[in-house]
Amino acid sequence: MNPWLLSIPLAYLLGSIPFGYLLVKIFRHEDIRATGSGNIGATNVARSGAKGLGIATLLLDVGKSFLAVKIALHLAPGNYDLAVITAVAAIVGHVFPIWLGFRGGKGVASALGVMLALSLAAAACTFGIFLVIFLLTRYVSLASMIGSATFPLFGLYFLPQRTPLVIAGLIFIPLLVIVKHHENIRRLLAGTESRFGKKKAVA
Ligand code: NKO
């Protein structure tokens, strides 16, 4: 079977599993979309008070997209056109899951998963940038946006192929992540974005 026909739909389906939503539904009988930022990502799950579920969400969201890209690289070793487009499909699945009316997460943990599968070195560099911004500001959203924006640079440096498709895919990923953070951008500019680990002051 053509690896493209298998890898891409499979990546979308894996990416579309909304682990944050499912874990909170199963273990807390709540809808994560009704609390905090309303996002289904690990940050909002942790923010809702479920630290353990937040960590589980992070690991599962990273794992599902990591697996999707590893499958592509297994079916077509060394084909980075396919690997990068599969990476995009996994993130698109997370951000636009059919199961939640195409309203999913912001693609940060799923982007980390595909980066780890594409290039450990590029993922480590991107994570380093994320960590610096996060430790300086305590804004997960800002660190995610700046981190993801640097990923194409590290990706182009470390990936063995720089075809037009690879370049387009690497640039598309942070654009999607940043666009999905539009509400966070508004809150950051207004000074109302919540910092990780800090309770909101009671007005
Ligand atoms: O609820 O809108 P919110 O404040 O939650 O959430 C904003 C946040 C959404 O993303 C997540 C995913 C979990 C992030 C935990 C970060 C763990 C380390 C990730 C390293 C990322 C590497 C660079 C980012 C690449 C896209 O933003």
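Residue positions are given per chain, counting from 1 as you read along its sequence in written order. Totals for whole chains, interfaces and linings use all residues, but because this is a predicted model, local features are given only for residues with pLDDT of at least 70 and pairs of side-chain atoms are given and counted only at 80 or more. Each side-chain value is worked out from all heavy atoms of the structure, with water and hydrogens disregarded.

(A) Quick look at the site of the ligand. Near is defined per residue: the residue qualifies when any heavy atom it owns lies within 4 Å of the molecule or strand. Lining the immediate environment of the ligand, one finds 23 residues, of which Ser-37, Thr-43, Arg-47, Lys-106 and His-181 sit closest. The side chain of Ser-37 places a nitrogen or oxygen atom 2.6 Å from an oxygen atom of the ligand. Note that an oxygen atom of the ligand is positioned 3.5 Å from one of the backbone N or O atoms of Ala-42. Only the protein chains shown count as cover for residues, and the accessible areas themselves come from Shrake-Rupley with a 1.4 Å probe. When isolated, the ligand has an accessible area of 710 Å², and the protein chains bury 94% of it. Elements that contribute at least two residues to the shell around the ligand include exactly α3 (42–47), α6 (108–118), α7 (120–137) and α8 (140–158). In this text, helices come from DSSP runs of H or I with a minimum length of four residues, and strands from runs of E with a minimum of two, each type numbered from the N-terminal end. Of the residues forming the shell around the ligand, the biggest block, five residues, is contributed by α6. Under this definition, polar contacts are N or O atom pairs within 3.5 Å; protein pairs additionally need one hydrogen-donor-capable and one acceptor-capable atom, and for neighbouring residues in sequence, both atoms have to be side-chain atoms.

(B) Examining the side chain of Asn-184 more closely. Tracing the backbone shows Asn-184 in helix α10 (residues 182–190). For the exposure calls, accessible area comes from a 1.4 Å probe over protein chains only, and a residue counts as buried if that area is under 20% of its type's maximum, exposed if over 50%, partly exposed in between. Judged by its relative accessible area of 6%, Asn-184 falls in the buried class. Separated by 2.9 Å, the side chains of Asn-184 and Glu-193 make a polar contact. With sequence-adjacent residues up to four places away left out, Asn-184 is seen in contact with Lys-106, Ser-141 and Glu-193. Contacts are assigned to residue pairs that have any heavy atoms within 4.5 Å of one another.

(C) Spotlight on the packing of aromatic side chains. Pairing of aromatic side chains here covers Phe, Tyr and the six-membered ring of Trp, requires ring centres within 6.5 Å, and sorts the geometry by plane angle: under 30 degrees stacked, over 60 edge-to-face, intermediate tilted. Per the stated rule, a full pass over the model turns up four aromatic pairs. Look at Phe-130 and Phe-134: their rings are 6.1 Å apart centre to centre, the planes differ by 10°, and that puts the pair in the stacked class. Of the two residues, Phe-130 and Phe-134 are both situated in helix α7; the distance of four residues between them amounts to about one turn of the helix. The two residues Phe-130 and Phe-134 agree in class, both being buried. Summarising the aromatic geometry, the rings of Tyr-157 and Phe-158 are spaced 4.9 Å apart at their centres and angled 90° between planes, so their arrangement reads as edge-to-face. Classification of Phe-158 by relative accessible area gives partly exposed; the value is 34%. Grouped by ring-pair contacts, the aromatic residues Phe-127, Phe-130, Phe-134 and Phe-196 constitute a single cluster.

(D) Summary view of the side chain of Lys-106. Structurally, Lys-106 can be placed in the loop between α5 (80–95) and α6. In this structure, Lys-106 is buried with no salt-bridge partner, the nearest side chain bearing the opposite charge being Glu-183 at 5.2 Å. Within the local environment of Lys-106, its side chain forms a polar contact with the side chain of Asn-184, the two groups lying 2.7 Å apart. Apart from residues lying up to four places away in sequence, Lys-106 is in contact with Asn-39, His-94, Val-95, Val-177, Lys-180, His-181, Asn-184 and Arg-187. Charge assignment in this entry is limited to Lys and Arg as positive and Asp and Glu as negative, and neither His nor the chain termini are counted. Each salt bridge in this description consists of a side-chain nitrogen of Lys or Arg and a carboxyl oxygen of Asp or Glu lying within 4 Å of one another.

(E) Fine view of the nonpolar core. In this structure, Val-69, Tyr-80, Ile-91, Val-114, Leu-118 and Leu-159 are the most contacted members of the largest nonpolar core, which totals 27 residues. Breaking this core down by element, the ones donating at least two residues are α1 (3–15), α4 (51–75), α5, α6, α7 and α9 (164–180). Core analysis: the second largest hydrophobic core is formed by nine residues, Val-24, Ile-32, Ile-40 and Val-45 among them. Working definition of a nonpolar core: buried Ala, Val, Leu, Ile, Met, Phe, Trp, Tyr and Cys residues. They are joined through side-chain atoms within 4.5 Å.

(F) Up close: the packing of α6 against α7. The angle between two axes is taken between their N-to-C directions and runs from 0 to 180 degrees, where each axis is a line fitted to C-alpha atoms and a helix contributes only its stretch in contact. Two numbers describe how α6 lies on α7: the axes approach to 5 Å, and their chain directions differ by 140°. Judged by the angle between their axes, α6 and α7 are oblique. In contact with Met-115, Leu-116 and Leu-118 of α6, α7 contributes Leu-120, Ala-123 and Thr-126. The classification used treats Ala, Val, Leu, Ile, Met, Phe, Trp, Tyr, Cys and Pro as nonpolar, Asp, Glu, Lys and Arg as charged, and all other residues, Gly among them, as polar. A class-by-class count of the residues in the contact of α6 with α7 yields five nonpolar, one polar and no charged. Angle categories are assigned with fixed cut-offs, so that under 35 degrees is roughly parallel, over 145 is roughly antiparallel, 65 to 115 is roughly perpendicular, and the rest are oblique.

(G) The pattern of salt bridges, seen in detail. Under the counting rule described, the total for this entry stands at three salt bridges. Linking Asp-61 and Lys-64 is a salt bridge whose minimum nitrogen-to-oxygen distance equals 3.3 Å. Taken as a pair, Asp-61 and Lys-64 lie in helix α4 at a separation of three residues, close to a single helical turn. For the pair formed by Asp-61 and Lys-64, the shared burial category is buried. Glu-193 is the salt-bridge partner of Arg-187, the closest N and O atoms lying 2.7 Å from each other. Looking at Arg-187, the relative accessible area reads 23%, which means it is partly exposed. Here Glu-193 falls in the buried class, since its relative accessible area comes to 8%.

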